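Structure at a glance
What follows is each chain in one-letter form.
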Amino acid sequence: MRYFLDTEFNGFGGALLSLALVPEDGGDDFYVVLPLEEPAHPWVGRHVLPYLKSVPPMLYNQLDRVAAGHDVAAYLRTDPDPEIVADWPEDIALFCRLLLTAETEIVDVASLRFRFMRTPGFSTARNSQVPHNALHDARALRDHVLGAEQ
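Presented here is an overview of the structure given in this document.

Here we come to the overall build of the protein chain. Secondary structure summary: the protein chain contains 5 helices and 7 strands in total. C-alpha extents for the protein chain along the principal axes are approximately 40 × 35 × 30 Å. Taking all 150 residues of the protein chain together, 47% fall into the buried category. A total accessible area of about 8,000 Å² is found for the protein chain, and carbon and sulfur atoms account for 54% of it. Of the side chains in the protein chain, 12 bear a positive and 22 a negative charge, and the two mean positions are spaced by 5 Å.

Laid out in structure tokens, this is it:
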């Protein structure tokens, strides 16, 4: 199954702040927030941090990086062939870094496929219910891709 990915991070090249996976079938979404361990980039402080909790309370989960990696692995564990779809390359890079728990260790995750999709003229932020919130942006990406496929 395809899972639409979005992340928020602390400025260009910055640390992961939140990550969301939204399945194409409308099943349970995954959303996690990581603690900010350095000062927030000014733009991130204005446009991202205030909206991290703009999700249903049952989905809000703040974990350290290692625990978040284990949680994403557990979320995907029952899918024999998950495909992670993103419209921004850094989202894939940050997702992959989250799977690393130590220099030579990764979480218990089976094979994954990744698809980077260019979406000219489409912006998750402009089409999201809560712009710059990873969960809402991932949902906007899913809706855009599925709508374009119909």
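After presenting the structure, the write-up continues.
Turning next to the packing of helix 2 (residues 65–76) against helix 3 (residues 89–98). Their axes nearest at 8 Å, the elements helix 2 and helix 3 cross at an angle of 100°. For the element pair helix 2 / helix 3, the angle class is roughly perpendicular. Here Arg65, Ala68, Gly69, Val72 and Leu76 of helix 2 lie close against helix 3, whose contacting residues are Phe95, Arg97 and Leu98. Of the residues belonging to the contact of helix 2 with helix 3, the class tally is 5 nonpolar, 1 polar and 2 charged.

As a further point, take the packing of aromatic side chains. Going through the model one piece at a time under the given rule, you end up with 3 aromatic pairs. Centroid distance Phe30 to Tyr75: 5.2 Å. Interplanar angle 40°. Geometry classified as tilted. Note that Phe30 is positioned in strand 3 (residues 30–33) and Tyr75 in helix 2, a separation of 45 residues in sequence. A single burial state applies to Phe30 and to Tyr75, both of which are buried.

Spatially, the 5 strands line up as an open sheet ordered 3-2-1-4-7, and their pairing is mixed. Each edge of the open sheet carries a strand with a single partner, namely strand 3 and strand 7 (113–116). Taken pair by pair, the neighbouring strands of this sheet meet at an average axis angle of 20°, ignoring direction. Seen against the sheet, helix 5 (residues 134–149) touches strand 1 (2–9), strand 2 (16–23), strand 3 and strand 4 (83–86) and runs at an angle of roughly 140° to strand 1.

This part covers the pattern of salt bridges. Within this structure, the stated rule accounts for 8 salt bridges. Put simply, Asp81, Glu83, Arg113 and Arg115 are held in one network by salt bridges that share partners.

Moving on, we come to unusual backbone geometry. The backbone phi angle of His132 is positive, close to 70°, even though this residue is not glycine. Mapped onto the secondary structure, His132 falls in the loop between helix 4 (124–127) and helix 5.

This part takes up the pairing of strand 3. Side chains of strand 3 alternate between two faces, with Phe30 and Val32 and Tyr31 and Val33 buried alike. As defined by bridge partners, strand 2 adjoins strand 3 across 4 bridges and the pair is classed as antiparallel. By the bridge assignment, Leu21 is partnered in strand 3 with Phe30. Remark: 6 residues form the turn of the hairpin made by strand 2 and strand 3, two consecutive strands paired antiparallel; Gly26 in that turn has positive phi of roughly 80°.

So, how was this worked out
Residues numbered from 1 in each chain as written. Predicted model: local features only at pLDDT ≥ 70, side-chain atom pairs only at ≥ 80, totals over all residues. Heavy atoms only, no water. Helix = DSSP H or I, 4+ residues; strand = E, 2+ residues; numbered from the N terminus. Buried < 20%, exposed > 50% of the residue type's maximum accessible area, 1.4 Å probe, protein only. Areas by Shrake-Rupley, 256 points an atom, 1.4 Å probe, with all protein chains shown as cover. Lys, Arg positive; Asp, Glu negative; His and termini not counted. Charge placed at Lys NZ, Arg CZ, Asp CG, Glu CD. Axes fitted to C-alpha atoms, helices over the stretch in contact; angles between N-to-C directions. Parallel < 35°, antiparallel > 145°, perpendicular 65-115°, else oblique. Contact = heavy atoms within 4.5 Å. Nonpolar A, V, L, I, M, F, W, Y, C, P; charged D, E, K, R; others polar. Phe/Tyr/Trp six-rings, centres within 6.5 Å; stacked < 30°, edge-to-face > 60°. Pairing = 2+ DSSP bridges. Salt bridge = Lys/Arg side-chain N within 4 Å of Asp/Glu carboxyl O.

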